[in-house]
Structure formats: C-alpha cells, structure tokens
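Fold and contact review
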Amino acid sequence: MISVGVDAGSRAIKIVLLDTQSREVVASGVVAQGVHSNDLANDLLRDLLERSGLGVGDITRTVATGYARNMIDFADTTVTEITCHARGVHNVAPEAATIVEIGGQDSKLLRLGSNGSVRDFSMNDRCAAGTGRFLEVVADRLSVPLDQLGPMAARSQNPASISSTCIVFAETEIIGLLATGISADDIVAGVQNSIAIRIAAMAGRGVAAPVVFTGGVAIVPGMDRALESALGQSISIAPNPQMTGALGAAIIAADKNYNK
Amino acid sequence: MNEPRIISFDEWDSHYIQLRDAGMMEPSYGGPLRRHVDDGGDTRLLRLRYDNSAASLRLWNFLLTEEDRLRAARAEGKKLVGTMKDLGTVPVMAYSLPNLVAFYPDGAWWIPCVMEMNAGLLSIASSLGIDETFCPVRAMIGAFVTQAHFPLPDLLTCSVGATCDDFSAIAQRLEGLDHPILWWEIPSRRHPDTNEASIILPGGFSAPVSQVEFVKSELERIRISISNLAGMPLDDKTLARGIRAANRVRRILSELRILVFTAEICPMPALEMQIAEMLAIHYCSDREEAEIVLCELLTEVRARVSEGVGVLSAEAVRVFWVNPVADLRTMNLLEDCGGRICGTEYLFAHALDEIREDLPPMEALARIALADPMVGSANDRAQRIIEDACAFGAEAVIISRIPGASHCATEGEVIADLVRSELGLPVVEIEVPPITDAMIPTLRTRIEALIETAIRRNE
Amino acid sequence: MLQVSKRIIYSCPFVPAEWIAAHGLEPSRIIPKMTSSGAPNGVCPYAQAFTEAIAEESDAAAIIFTTVCDQMRRISETAAARTFKPIFLMNVPHTWQNPGAHRLYRDELERLGRFLEKLSGTNPSGGDLTGIMSQYGEIRQQILDSRPNLTARQFSEMMAAFHHNPCCFGILMPKPTPQGSRNNLLPVALIGGPLTSEAFGIFDLIEQAGGYVALDGTETGERTLPAAFDRRSIAILRLSNILRLSKDDPLGTLADAYFGHIPDPFRRPNSEFFKWLKQMIDERGIRGIILRHYLWCDIWRAEAQRIADWAGLPFLELDAGDGGLEPSRTLFRLEAFMEVITQ
C-alpha cells in the first residue's frame, strides 16, 4: 500500500508516492502549475501510479499541501507546507534544527524541535525582494537565463549593495548600478546577498545549527553561499529540495497517528 | 593659507605630506586621513571629497577618533554617560562635572555608512527584528551588541514622549537587552492657551510655563542621577559654568555658520560643515578639544572670507538643507550638482542656540530642551526653517527624508508646502539610506533638477 | 444622565470617555475602515485609515488626538485643515514611574476639560463625573461578565460598540454559543494595535484555523479597559461631591484608572505590559500568541521578537499592511500556527 503526498505549489505540482510500511519513496514527479491544478495533479498521479504498476486502490491516504492544496479533490486532508517541509526535511536530514525554504513566491524559516516538529516559523510572502521572484527579475533585467545566475555570482569580486526593501525600487537600483558601470556579475551577487540578508533578518538571532536549505531556489548555484554568509552558519542543501514538501505530505499521509 | 580646494581621498595623501612638511601642527589624534581606512576600516572615506585645509583634517581626525577618547576616559576612571535622543541638554549637564564624559550612542547611525556596512550593525539590528522599516539609527542597537564602537556607558539616558517612535522603540529593545535606561519625558510642545502664562523659547517658539516647569522637573531627575554617578553634586553654580562653556562652543559654531552660509563664495564644503554642526550636540566626547577644533575651522573660514576665496564657484545655487543624511556622500553630491549649503536644519537647531545665562541654569536648560524642533509641530519647525532660509538667502530647499523615521512620513510634506507658499522657493524631497551608491543617478537627477529650477527662476 | 448634544471622536484608549460625557458631550472611539487606496510610504495604514475616517465624520464636534503614537500626533496637525473641526492634542506621558508623569496626565485631563467646556458650555461637578464613572464601570463589568457566553468576535465587537457609543450603549446580548463549541479549539491571545472594522474577520479566521481568541489584547479589546472603579468608593465619592462634604477628587480617580492601569508597549519602560500579558496567559491557559501589527508601526514591530522570546509559546506575527487583512494569506499562516501548537 502507498501513501501519497501532493505539493500544489505556486510554480509546480509535486507528487511523492511512499510505501506506507517501509517509508521508501516509490515514485515522484513534477509538473508545471497551471490554471486547473486539480486536473494537473490527477494526471500526474495517474502517470506515477501507472509507471509504478500501481492503481488507485493501492492508496491508503493522500495529503495535499501547497498554496493550491484545497483544490486537490482526491486528497483526504490538507496540511500546510510549513509542517510538510519540516517532515520532509526531517526525513532526509534528521539532524536539521533550522530549515530555510525559498520558493518562487515566498520564503520561510522553520525552527524544529528534536523530533522534527515545528517549534516556530517566520514567513515572507509580501516582499518579493526576499524570494525567488527577485532572481527572475534580475535575470530578466540583465537578459540572462536563470541558470546562469549562479556562475555569474561566483565570478563576482565585489558584490553590489542593494538597499531597497521593495522589488520595484530594487529594480531601479539595479538600473542605477548598471548606469554607474557596476558589472552584471556583481549585481547578481548583490541580489543573491540581498535575498539572503532578508532571510537572515527573518531568522532573527541565534539560528540553531544544522541549517538545511530547501525549496526551488536551493537549486540556484551560489544561493547557499550567500545564505551561509548572511546567517553566519554553514548550511546544507536538502536532497531533491523541490520535493521536500510533497515528501513531508506523503509521510504525514502514512502516519496513522497524525491528526489534523 | 593654502589655496582652498575640494580634493579626493587620494589627493589627501600627498597633500598631507605637503602640509606636514610646511610645519602643520598636529594634535595627538592627528595623522593622514588614510589611517582611518587602513586601521579602522572606514572605507567610505575613499569615496568622499574633502576640504583641503589643515583645520578640516583636524576636524575629520577628531571625529574619527571618538572611540579612542571614550576608552581613554574610561581608563582614566571617568564615568561615561550615553545620552540618547536628547540633543544638546543632558550632555551640557554631564560635561559640567569634571569626571563625566557624555557621548551620543545615536551617532552610530553613521557607522554603516563610514564602514560601508562592514561592521554588520544593521544586520544585527535586523536579526533582532529591527529591520529596514526603522530609521538607520537602528545601527545603535548593533553597536551595543558588538561593543566594538564605544564602551558601554555607566549611565544611559533617553528622552521619550514627543520623540520619534523609531527611536523610542529601538531604545526600549536596548533596555530589553539588559541596558538599563533612565527615561525622561519630553512632552509635545504646544502653543499656550488663552490666559495661560507663556514663555518665548529659543528659536522663537512659545510654550506654556507649565510645560517648562514640567521639563525642568524631569531634568532634575537627571541631575540627581548624574550627581550620584559622579559622586559630587551638580549644583547650580557648577551647572552655570558648564552652560557658559557650552555656549562658547555654540557661539563659535554660530559665527562659523553665518560666515559660511552668507559668504559670496562658499568657504567651506557642506560635508565639513555638517560634521562641525554635529560637534555642538556632544563634542565628540571632549568639549574642550571640540572648542579648539571649531576655533581652528573658524579661523580658516574667516581668512578665506576676508580674502574672498572659497571652494565652490560664486554661481553655486544656495540650498537650505533639512534633516541629516545617513550617507555623507550626499553632501558631496549637492556640490557636484552645482549647489552649496546656505543653511541647515538637522533636527537639532535648538542645540545651536545659546542657552540663557541670565536664568537659573535648570530653567535655561528646560527651555532649550523644549525648543527641540522634533518635540513641536511640523508647522513650528517649518516656520523656523523659513526664517533661516530667508535670512541666509536660500534659493532652494532640499528635505532629506530619513528612511523609516516616523516623523518623516508626514513632516516633509508640511514643511515643503509652507516653504513653497511662504517663500516661493523650489523644494525637493529625497530619501537617503546609509549607502546611496545604487541611487546616485536618481538622487543626482532630483538635485540637478532642483538646481536648474532655481537657476531658471533667477534668470 | 446629562443630555447628549455633541459627538467627540478619538481613537486612543487613554482618552477617558467619562470625562467627555461628564461635559454633556458624546464620546465616540471610532473604528475606522481600512483605506482602499493604501497609505503613502512610511505612513502607518491605521493612521491613514483614521485620517480618512475623521474626514467623513461630519457630525463630530471635535477630534481628540494623543501623543501615544508619533504618527497620530503628527496627523493631528493636518487634521484641522482636513476637517475644519477643533482638534485637541493630549499629551499622554510615555514614562510612568515617577509622580511627575501622573501629574502631567492629570493636568492634561484638566486642559481637555477646558477644551470640552468651550464646546458644551458645561463645567461638570464631581457628582456628574462620578455618576458617569459608576454607570460606565457597570457596563464594562457586564461586558466582561458576558465573555464566556459570547464568541470571541462577539465579545470584541461588543467592547468596540461600547467604546463607539457609550452614552447610548444598551446590552444586547448576542446568542450564547452552543456549550462546548470551543472544546476542540486552541485558546490563543491576539495582541497588537487597534483594529479597523474589517479586521474583526480575524476572529473568524482564527476559529476556521482551529483556534479561538481567549484573550483580546488588541488596542480595541479588553487590554485597554481602565481599572474597574470600586463601587463603594465611587458611591461615597459621589455622595460627598453632591453634598459638597469633601474635596475628594473624582478626576484623580479617573486619571489613575486610565493612566495607572492600561498596559501598553508604548510606555517606557514597557514592563507593565509584559506583566499583564504573563498574568493573562496563565489565567486563560493561552497556548499561542498572535501579534497583529501595522506596517510602519514601530512600537509593536520592535517588540515582536522580544515577546516571542519572552513568552516561550508559539508566536505568530501578522502584518496588517496596506491591503488590510488578506484572508487567504492570513488563514494559511493561522493554519500552520495551529499545527505548530498541536505538535
């Protein structure tokens, strides 16, 4: 029998199929988010089941998370991605005491208890300057593909200082920096630092180690270093960081004792 | 006299050697400007431009060695009083006693600029939840945490009430971090009601006698604490002596301001003038030396004025500047854009006014405290700005908004409207964060547009 | 009771309604609506909402501001031009640990009295004031007593309704909630600044997420009630004032009840706020704290992390920004918060 975790995020839908007994991942998949979240999730689930030689009857329980979690009609229950990311990361990195999750639309900082439960969380979904959206804006402004931002930041000798709290004004600052001859590499590094500084501000003092970095932005090269510098802590990137939310949801689905 | 010029940081290296070889007398804290970059990490200095006089070099060296003086004072057994928010009242009391040194922890708001963020003070403040939506004075809380920029004071005072919420909130967090504070109340200054006994304060404001009496009673509480700290009474005679000494500094500054702001050719750059004015609040932790530093600067300015020379062209547009800037580079920018300073209101105009010596000292201090532009209305503040701008012949006004400061959210508009309607001068409001590098093109556009407007109006 | 003739509006809980009513005027602590156009950069959205609300209060005879918040103090300057109404700015001391601060508050009440007298032509006697103190005190007690039978929203709305119109407030008890309906809900404290009218929806969202507000520590709620007047003392005070037997001071009693009692983080030091919060957390079995603050509200925002560290309870900060309460984002946070509490 399997448990299913669905993370219906702002940019992508992720699904994990978990063996309820062994807690091994049977299959996982990602599909870009669209207008009809439920249809997309259904299609992905069907595809994963098919590829794994399983059927709907093999599913014991399904938990949905992510901003579109309430649209997933085949879910038995919903749980917020705060709890799901914590469970998912705890599963792959049980030592984690702090989780930084940066997605395309928001960023979160979770402080965990010894058993992987969330003790406390901070979240930013108001200011795009602290999210992956900022990277998209700078890539667009500099006309470079997103995957080039990492190597560019790595080449920077003197990261620029971006002071604005608002992405609109930050964009103006970027134009100002370009006008004064600051290199694109330094600007990209400055933007990465700016995101990291906002995360550090959200974290407050005394971030407990080990810190695990997850979410879509974790796969952008250089962001981990920027975060390490801002937090004053070494951090590790969660394996398969895009999937930790769905994994956590699947674990919760498998956990008979979990009561919503 | 060396020909007045505005020079770069690099130029100061060779210029310093020339001045030294020509016999420049230097104080113990003297030396080339570069030492503050090499030893102190004050990297912003690399990007600033400076007046080239020996007097200005001494001013800079005095400013950038305050921490050394505080630590030396502590080593000598003197007690340190950190006077927060209050600008120019409690320091006068503290410096009246020989074994006290007052300083101004709020001054930490320039550290992120001078050290180009490398001290990490703003990050520490952010990590405590005091983020960018607060005034840059939040750097102060970082300075208390690191203890790297001033020694912890033996007594910490802070005025609250009609002050800005940013400051009050930041100071409260400081107390929450185990830095006990002696709070004292400064009420919102109001106009006297009909038939209510009133007093004209320095700056021309009026206030009810009852408010002056209240402030006096609050300052009496400070007097007791200061006396206890010093282990000797701060009696009226001692305090009167301290007031006379404070007035000597204020008189020098007053003459300096009048000379610089009214001279045909600007004899001293805006940046050095801003620093000189700051000395009036807290003396950079040495009142006697502050007097000497200012005297030297005044001598230089007198000489330049009498010879009809200066650092800018005679055509520079005369700009009145409202509020201090977190990034010192902005003052250079004004001059780059064709402007010059001809009047300032850095939120402590009352600390430049002379304290009455013909009144009982506590009464005189209470009047000065209540004349603080921040504790009154924006209208009152605007009126004083208008009078000064008029007296100094301003052709334009720049209101420099302090990011996050609660008073700036609404005050700028009130001041701008009144200046426009009463003086008909062009006004521009800008916002200046601790590091403006990325904003220089935007700031330049605004300031240049203001200057162009002022020039067109004169044609 | 004196005949009500003119309405005096304000927002600050340190303005004693009794004192206004004693002058024959109608006190009204208004609940503004969040402005749809948003506040200018740096301006607190609540201050902006209040500014717009007072411009629409055409029947108000005057507006009272206080110095509790710097932005409200400064808005008082422009309010006269916007509303063409008399404005009174009352100094409420931020310090409180010395007699001078108490004296200043009391003196400001007297000055307010002179302002009110000009509007009403009434100089209230001690008997008038104690009569109203007694009446309002009883109503407040009735509201407090009704808390167990009301939903959290009903309780807070009733409190707000009383503040909005204490002269004509009649207790219309909302239907009691079914017994045990809170059994599965987690008791939380809601603290922060004043609520705008649409912000009362947060009580519903909290219940939707699985909690209920067992302590309304917002500026609109029970936190800002003055101390209860001792009935017997007030009765004696009233009698002696009516019979002119003594020079006991009802205004002093009123000043003590407000200035000496309301815990608020703007006060310096703000230790009394923490003391009050601790007591209420223990009394009400609070499991988590929700702080709702406005963007640019320095006073609450600066204390957020300290409250979180100090309380040792799950803590959630909700930013009531320019757009007001955004239900979906708020609900998400609340749901996650309840999950944290139950883990």
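Predicted model only: the values in this text are computed from it and were never measured.

Remarks on the overall build of chain C
The number of helices and strands found in chain C is 12 helices and eight strands. Relative to its length of 343 residues, chain C is compact, with a C-alpha radius of gyration of 20 Å against a globular reference of 20 Å. With respect to the principal axes defined by its C-alpha atoms, chain C has extents near 65 × 45 × 40 Å. Evaluated residue by residue, chain C yields a buried proportion of 53% over its 343 residues. A separation of at least 24 residues holds for 75% of the contacts in chain C among residues at least 6 apart in sequence.

Digging into the overall build of chain A
Looking only at helices and strands, chain A features eight helices and 10 strands. Taking 2.2 N^0.38 as the reference for a compact globule, 260 residues should give roughly 18 Å; the C-alpha atoms of chain A span a radius of gyration of 19 Å, in line with that estimate. Projecting the C-alpha coordinates of chain A onto the three principal axes gives extents of approximately 65 × 40 × 30 Å. Taken over 260 residues, chain A has a buried fraction of 54%.

Focus: the confidence of the model for chain C
Residues and elements named next belong to chain C. Mean pLDDT for chain C: 89, with 90% of residues reaching 70 or above. Here helix 8 (residues 231-242) is the element of chain C with the lowest mean pLDDT, 72, and helix 10 (residues 271-284) is the one with the highest, 98. Reported for the predicted complex are a pTM of 0.88 and an ipTM of 0.94.

Remarks on the interface of chain C and chain B
Taken together, the contact pairs 31 residues of chain C with 39 residues of chain B. Among the elements that take part in the side of chain C that touches chain B, helix 3 (residues 70-83) of chain C stands out by supplying seven residues, more than any other. Class assignment for the residues of the side of chain C that touches chain B results in 12 nonpolar, 11 polar and eight charged.

So, the domain arrangement of chain A
All names here are of chain A. Domains assigned within chain A are domain 1 (2-90 + 242-254) and domain 2 (95-237). The centre of domain 1, based on its C-alpha atoms, is set 27 Å off from the matching centre of domain 2. Contact with domain 1, which involves 12 residues of that partner, is made by 16 residues of domain 2. At seven residues, the largest contribution of residues to the side of domain 1 that touches domain 2 is made by helix 2 (residues 81-92). Partitioned by chemical class, the residues of the side of domain 1 that touches domain 2 number three nonpolar, seven polar and two charged.

Things to note about the packing of helix 17 (residues 408-423) of chain B against helix 3 of chain C
At their nearest, the axes of helix 17 of chain B and helix 3 of chain C sit 9 Å apart, and the two run at 25° to each other. As the angle between them shows, helix 17 of chain B and helix 3 of chain C are arranged roughly parallel. The handedness of the crossing between helix 17 of chain B and helix 3 of chain C is left-handed. Along the contact surface, helix 17 of chain B presents Ala-409, Thr-410, Glu-411 and Val-414 of chain B, while helix 3 of chain C presents Gln-71, Arg-74, Ile-75, Glu-77 and Thr-78 of chain C. When its residues are assigned to classes, the contact of helix 17 of chain B with helix 3 of chain C shows three nonpolar, three polar and three charged.

Comments concerning the interface of chain C and chain A
Interface size, as often reported, equals the accessible area lost upon joining of the parts. Of the residues lining the interface, 13 residues belong to chain C; the matching set on chain A comes to 12 residues. At the level of elements, strand 8 (315-320) and helix 12 (327-342) of chain C are the ones that each hand at least two residues to the side of chain C that touches chain A. The element contributing the most residues to the side of chain C that touches chain A is helix 12 of chain C, with seven residues. A class-by-class count of the residues in the side of chain C that touches chain A yields five nonpolar, three polar and five charged.

Observations regarding the domain arrangement of chain C
Residue and element names in this part refer to chain C. Its domain assignment divides chain C into domain 1 (6-124) and domain 2 (174-225 + 264-342). The distance between the C-alpha centroids of domain 1 and domain 2 comes to 25 Å. Here the residues of the side of domain 1 that touches domain 2 sort into 13 nonpolar, five polar and one charged.

So, the sheet that holds strand 7 (residues 288-294) of chain C
The pairing of strands in a sheet comes from backbone hydrogen bonds and takes either a parallel or an antiparallel form. Residue and element names in this part refer to chain C. Sheet architecture is open: four strands sit in the order 6-5-7-8, paired in parallel fashion. In this open sheet, the two edge strands, each paired with only one partner strand, are strand 6 (211-218) and strand 8. The sheet shows a mean angle of 25° between the axes of neighbouring strands, taken without regard to direction. Sheet topology places strand 7 next to strand 8; six bridges connect them, and they run parallel.

Quick notes on the sheet that holds strand 1 (residues 6-10) of chain C
Residue and element names in this part refer to chain C. On the basis of which strands lie adjacent, the open sheet formed by four strands has the order 2-1-3-4 and parallel pairing. Edge strands, defined here as strands with exactly one partner in the open sheet, are strand 2 (25-29) and strand 4 (87-90). The sheet shows a mean angle of 25° between the axes of neighbouring strands, taken without regard to direction. Of the pairings in the sheet, the one linking strand 1 to strand 3 (residues 60-66) comprises four bridges and is parallel in character. Directly across from Tyr-10, in strand 3, lies its bridge partner Ile-64.

Focus on the pairing of strand 8 of chain C
Remember that side chains alternate between the two faces of the sheet whenever the strand is regular. Residues and elements named next belong to chain C. Within strand 8, six of the six residues are buried, which leaves it mostly tucked inside the rest of the structure. The two faces of strand 8 match: Phe-315, Glu-317 and Asp-319 on one face and Leu-316, Leu-318 and Ala-320 on the other face are all buried. In this region the chain leaves strand 7, passes through helix 11 (residues 298-311) and returns to the parallel neighbour strand 8; the handedness of that crossover is right-handed.

Comments concerning the nonpolar core
Of all hydrophobic cores here, the largest spans 326 residues; its most connected members are Ile-199 of chain A together with Ile-170, Leu-294, Val-319 and Val-397 of chain B. Of the residues forming this core, the biggest block, 13 residues, is contributed by helix 6 (residues 184-203) of chain A. Excluding its chain neighbours within four sequence positions, the residues that come into contact with Val-319 of chain B are Leu-334, Gly-339, Arg-340, Ile-341, Cys-342, Ala-394, Ala-396, Val-397 and Ile-398 of chain B. Counting 31 residues, the second largest nonpolar core, distinct from the first, contains Val-26, Ala-41, Val-79 and Ala-254 of chain A.

Observations regarding unusual backbone geometry
Excluding glycine, residues mostly carry a negative phi; peptide bonds, for their part, are mostly trans. That bond from Ala-209 of chain A to Pro-210 of chain A is cis: its omega, -5°, falls within 30 degrees of zero. In this fold, Pro-210 of chain A is placed in the loop between helix 6 and strand 9 (211-214). Here the residue pair Arg-268 of chain C and Pro-269 of chain C is connected by a cis peptide bond, since its omega of -5° sits within 30 degrees of zero. The residue Pro-269 of chain C is located in the loop between helix 9 (250-259) and helix 10 in this model. Look at Asp-178 of chain B: it is not a glycine, yet its phi comes out positive at around 70°. Looking at where Asp-178 of chain B falls in the secondary structure, it is placed in the loop between helix 9 (165-176) and strand 6 (182-186). A residue is classified by how many C-beta atoms lie within 10 Å of it, and Asp-178 of chain B, with 7 of them, is exposed. Despite not being glycine, Asn-195 of chain B has its phi angle at roughly 70°, a positive value. Residue classification places Asn-195 of chain B among the exposed residues on the basis of 7 C-beta atoms within 10 Å.

Quick notes on the packing of helix 6 of chain A against helix 7 (residues 223-231) of chain A
Each pair of packed helices can be summarised by the angle the axes make with each other and by the distance between the axes. Residue and element names in this part refer to chain A. The interhelical angle for the contact between helix 6 and helix 7, taken along N-to-C directions, is 45°, at an axis separation of 8 Å. In terms of orientation, helix 6 and helix 7 fall into the oblique class. Where helix 6 crosses over helix 7, the handedness of that crossing is right-handed. Every residue of helix 7 that contacts helix 6 at Gln-192, Asn-193, Ala-196, Ile-197, Ile-199, Ala-200 and Ala-203 is listed here: Met-223, Ala-226, Leu-227, Ser-229, Ala-230 and Leu-231. Taken together, the residues of the contact of helix 6 with helix 7 break down into 10 nonpolar, three polar and no charged.

What about the environment of Thr-65 of chain A?
Residue and element names in this part refer to chain A. Turning to its location among the elements, Thr-65 is positioned in strand 4 (residues 59-65). Remark: the alpha-carbon pair of Thr-65 and Val-6, spanning 59 residues in sequence, is separated by 6.1 Å. Sequence-distant contacts of Thr-65, defined by excluding residues within four places in its chain, comprise Asp-7, Thr-78, Val-79, Thr-80, Glu-81, Cys-84, Gly-245 and Ala-249.

Calculation rules
In this convention, every chain numbers its residues from 1, walking through the sequence in written order. Naming scheme: in the order in which they are written, chains are lettered from A and ligands are numbered from 1. With the structure being a predicted model, the display of local features is reserved for residues of pLDDT at least 70 and the display and counting of side-chain atom pairs for 80 or more, all residues being used for whole-chain, interface and lining totals. Numbering of helices and strands runs from the N terminus, with a helix taken as a DSSP run of H or I at least four residues long and a strand as a DSSP run of E at least two residues long. The quantity called the radius of gyration is restricted to C-alpha atoms. Its globule counterpart is 2.2 Å times the number of residues to the power 0.38. Buried means a residue has 20 or more other C-beta atoms within 10 Å of its own C-beta, exposed means 12 or fewer, and partly exposed covers the counts in between; C-beta atoms are placed from the backbone. Contact between two residues is assigned when their C-beta atoms, built from the backbone, lie within 7 Å. Residue-level confidence of the predictor, termed pLDDT, takes values from 0 up to 100. Three categories are distinguished: nonpolar for Ala, Val, Leu, Ile, Met, Phe, Trp, Tyr, Cys and Pro, charged for Asp, Glu, Lys and Arg, and polar for the others, with Gly belonging to the last. Residue ranges labeled as domains rest on an automatic or database domain assignment. Angles run from 0 to 180 degrees between N-to-C directions of axes, and those axes are lines fitted to C-alpha atoms, restricted for helices to the stretch in contact. Should an angle fall under 35 degrees it is taken as roughly parallel, and over 145 as roughly antiparallel, whereas 65 to 115 is taken as roughly perpendicular and any remaining angle as oblique. When the near helix sits turned anticlockwise from the far one by under a right angle, the crossing is termed left-handed; a clockwise turn instead gives a right-handed crossing. The pairing criterion is simple: DSSP has to find at least two bridges between the two strands. Handedness of a crossover is defined as follows: with both strands directed away from the viewer, a clockwise route from the first strand across the helix to the second makes it right-handed. Throughout this description, the term nonpolar core refers to a group of buried Ala, Val, Leu, Ile, Met, Phe, Trp, Tyr and Cys residues whose C-beta atoms join them within 7 Å.

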